[in-house]
Every structure is written in C-alpha cells, then in structure tokens.
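# Understanding the architecture of this molecule
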Amino acid sequence: MDFTFTEEQLAAAEAARGVFAGVAPDAVPSPALTTGAVAEGFDRELWDRLAGADLLSLLLGEEYGGAGLDAIALCLVLRESAKVLARVPLLEHSAALAAVQRYGAAELRDRLAARAGRGELVLTVAASGRTGHDPAELAVTARRDGDTWVLDGVQTAVPWVYGADLVVVPARTEADRIVLALVAPEGEGGTAGAAEVGGGVAVAEQVSTSGERLGELRLESARVAGRDVVVAEGAWEWLHELLVTGTCALALGIGERVLRMTSEYAGKREQFGYPIATFQAVAVQAADRYIDLRAMEATLWQAAWRIASGAAGALPAAGDVAVAKIWAAEGVRRVVQTAQHLHGGFGADTEYALHRYHAWAKQIELALGGAGAHEEALGDLLAAHPLG
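Summary of the structure given here. (Residues numbered from 1 in each chain as written. Predicted model: local features only at pLDDT ≥ 70, side-chain atom pairs only at ≥ 80, totals over all residues. Heavy atoms only, no water.)

## A short note on the pattern of salt bridges
- According to the stated counting rule, one finds 28 salt bridges in the structure shown.
- A salt bridge links Arg294 to Glu256; its shortest N-O distance comes to 3.2 Å. Of this pair, Arg294 sits in helix H8 (residues 280–309) while Glu256 sits in helix H7 (residues 235–268); the two residues are 38 residues apart in sequence, bridging distant segments of the chain.
- In this structure Arg294 comes out as partly exposed when scored by relative accessible area, which is 27%.
- With a relative accessible area of 18%, Glu256 lands in the buried category.
- Note that Arg306 and Asp320 form a salt bridge whose closest N and O atoms lie 2.4 Å from each other. (Salt bridge = Lys/Arg side-chain N within 4 Å of Asp/Glu carboxyl O. Helix = DSSP H or I, 4+ residues; strand = E, 2+ residues; numbered from the N terminus. Buried < 20%, exposed > 50% of the residue type's maximum accessible area, 1.4 Å probe, protein only.)

Here it is in structure tokens:
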C-alpha cells in the first residue's frame, strides 16, 4: 500500500481547489433561520464549472471523455468540495456514473456515460432505505415482467433528487438478487432519455439537517425498461462502498476546515491579555482533534485504495470502508463539538459560518449509517472472516 498520490490525482485536487476557490459557504440562507429547505435545488452555476473543469467525468474512461481516474482522485476532489460546503451532487453523480460504467450493459453505458460526464444528465442514488436505518436494498422489490421491471417500495432521504434526471435505485428480486434501476423522478423518463417509467413514481419533500432538500421516493408498480436496469452481480455492493467512502472524504474536508477556523479564532481571541490558543487546555483539545483528523485521513485512503485497486486483504474491502466511516462519523462530530466549545457563544452566531459546518457535519455523520451501524457491520465481517 502506497499513499503517495499520483500526478493525475494531485492535478484533479488542484483543479478542484481552483473551481471551489470562489464558493461561499453562506451563499444560501442559514438552516438555523429557515423554515423548510434553504434552496430549491443545487448550485447549477457551480455544477457547470465542475463540468467545464472535467471534474464530473473523473472516473469515466477516455472513450467516454473521462480522465480514467479512481476512487482516490474522487475523494481528493470531494474533500475540497466539503471545505466550502459545495451544494452539488458530486458524490452521488460520480459514484452512480462509475457504477454504470463498471457494471452496466454496453448500450446503457453508450447512452448515458458521455452525457452524464458532461453534466448534461444529473444522477443521484437512493441509498438510505425506507427509514434511514435499514438496508437500502431491502426497501424496494423488483420483478421481471416481459421487457420491463416492476418496482414497489419506498426510499427515504434521497439527496439532490429535486434537479436530478435519474435516480439509481437498488431493488431486491424474487431470486434474492440486487439490481440497480435507473428511475426518473416523478416518472418523467423522456426528459433524461432513459428510464422509460410507467406506473406510480412520486417524490415527497424532506429537509435535511443541513437545510438541503431531500426526497422520499415512492414507487408503486413503477415500470422501468429492462435496458435501464443493471443486473450484474456485485454492482450495488461496489456502489454502496464508494458512496460511504466518499462520505468519509466529505467529513474529512469539513473537519479540516473547521479546525482551521478554530485555530484562527483561538489565535486572535484574547483572555487575560493572551490569545486563548496559548492556554494549555485549549491547545490539548485542538491537538486531540488534529489526531482525529489524521486517523480519519489514514482510514479514508485505506478504504479508497482498496476500492481503487481491488487488492485482497484479511477482510473484504467493506471492512476497511466500515473502519473509515466509524472514524469519519465519530471524528467529525468531535471536531465540530470542540470547535463550538472553543468559539464560545460566537460559534452559535448565525452570521458566522461555523454553525453551517456543524449542521453539515451532523448530516454526514449519520448519512449511510452512523458509527454504531458500521461497528455492527464490521463485527459481522470479523465473525465471517476470522483473522489469523
């Protein structure tokens, strides 16, 4: 295992820093002061800039106009996006597109990949299950009916569904296999040029902790053309692992930005004639949070490397992903809580950005399972694959 980034990966991170340089974390109303969602949809102007910088096609092969990079490059870009609270479906879109390229039929890849890589189609993923606490692949059933698939079930908290052209929905078949169906929200399949849907497809608005619009996707005998369903074995497991790892990258970016904000504040805020950063109690707390970030970083790159390389290990890659999410969930929570404590009352000021980072951190901590859920998953893996 070599954690030295390649020139191409570093170039992707540098391009991301350039795109995100002008993004203001407080460009939308504060979630603390807003009843409902802070905005109707995601930041389309930023989305277009990402497309122009070829950052939406990082994981696509060159035949589809992509850079042919890997999960590590994506996580480097996601870390930069989180530092400015970028309001775009970069993780979900990139992961869904990578799964279609890796597991989808040639006809589906040819029809979607290039357009999605240019940002002309927006993809998201329904990965939270019916309640947010149950496996997503159990929330929807799929049965074959001639040339179509019929879907029934509910997926909660679908991110960026308002504005997305297609939602990748995991569903369990009668044969106990998992397929990925590409569904157009509210049944408007013609808009995206895919997912010819019939039957009941509806979205009910939900609002996240961070104030963003989510959607409860309801499927009642929804029909999806067979050409828009990925049936390859392992597609959902791989997509889910990439989504969870990407969430860890977002947590790392938020944690790094928040610790920097805290350092800058503690260096200027004085008590008894001295900056509070010189007080031992403050320095020790900040040092502990720095250790959290370094552990979050090490476990993130381990998980991303396993996904990117396909290398074997004592446990399946899901084990490294679970460890990364445990550290990300607990670490980002501790970082923002310490930041609020060291900022004092100023940390709760709605004209200061820290409370926004706190809200995003809480959302990411629990997204796709909190630390407890992944500790349980890790325990199951250890029981199934005894070490030594």
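## Things to note about the nonpolar core
- Core analysis: the biggest nonpolar cluster contains 97 residues, and Phe20, Leu239 and Ile254 have the highest contact counts within it.
- The greatest single-element share of this core, amounting to 16 residues, is contributed by H7.
- Within the second largest apolar cluster, 22 residues are counted, among which are Val169, Val179, Val203 and Val229. (Core = buried A, V, L, I, M, F, W, Y, C linked by side-chain atoms within 4.5 Å.)

## Let's talk about the environment of Gly273
- Within the secondary structure layout, Gly273 lies in the loop between strand E9 (270–271) and strand E10 (274–275).
- Along the primary structure Gly273 and Gly234 are separated by 39 residues, whereas in three dimensions their C-alpha atoms are 61 Å apart.

## Describing the environment of Pro31
- The topology assignment puts Pro31 in the loop between helix H1 (7–20) and helix H2 (44–52).
- For the pair Pro31 and Gly379, spaced 348 residues apart in the sequence, the C-alpha separation amounts to 36 Å.
- With residues near it in sequence (within four places) discarded, Pro31 still touches Val38, Thr209, Ser210, Gly211, Arg356 and Ala359. (Contact = heavy atoms within 4.5 Å.)

## Quick notes on the environment of Thr131
- On the secondary structure map, Thr131 appears in the loop between strand E1 (123–125) and strand E2 (140–145).
- Sequence-wise, Thr131 and Val154 are 23 residues apart; in three dimensions their C-alpha atoms are separated by 8.8 Å.
- A polar atom in the side chain of Thr131 sits 3.1 Å from the backbone nitrogen of His133. (Polar contact = N/O pair within 3.5 Å; in protein donor to acceptor, adjacent residues only side chain to side chain.)

## So, the side chain of Thr245
- If you trace the backbone, Thr245 turns up in helix H7.
- Within the structure, Thr245 has its side chain in polar contact with the backbone oxygen of Glu241 (distance 2.8 Å).
- Discounting residues that sit within four places of it in the chain, Thr245 has contacts with Cys75, Leu300, Ala303, Ala304, Ile307 and Val321.

## Describing H7
- Relative to the 50 Å expected for 34 residues at 1.5 Å per residue, H7 spans 50 Å between its end C-alpha atoms, a close match to the ideal helical length.
- Judged by how many residues are buried, H7 sits mostly within the fold: 26 of 34 residues are covered. (Expected span 1.5 Å × (residues − 1).)

## What to know about H1
- The end-to-end C-alpha distance of H1, which contains 14 residues, comes to 20 Å, matching closely the 20 Å that a straight helix rising 1.5 Å per residue would cover.
- Listed as buried for H1 are Gln9, Ala12, Ala13, Ala16, Val19 and Phe20. Projected onto a plane normal to the axis of H1, the buried residues spread over an arc of 120° and lie on a single side. When the buried face of H1 is taken as reference, the exposed residues oriented beyond 90 degrees from it are Glu7 and Gly18.
- Residues of H1 that are buried sit in contact with H2, helix H3 (71–83) and helix H4 (90–103). (Arc of directions from axis to C-beta.)

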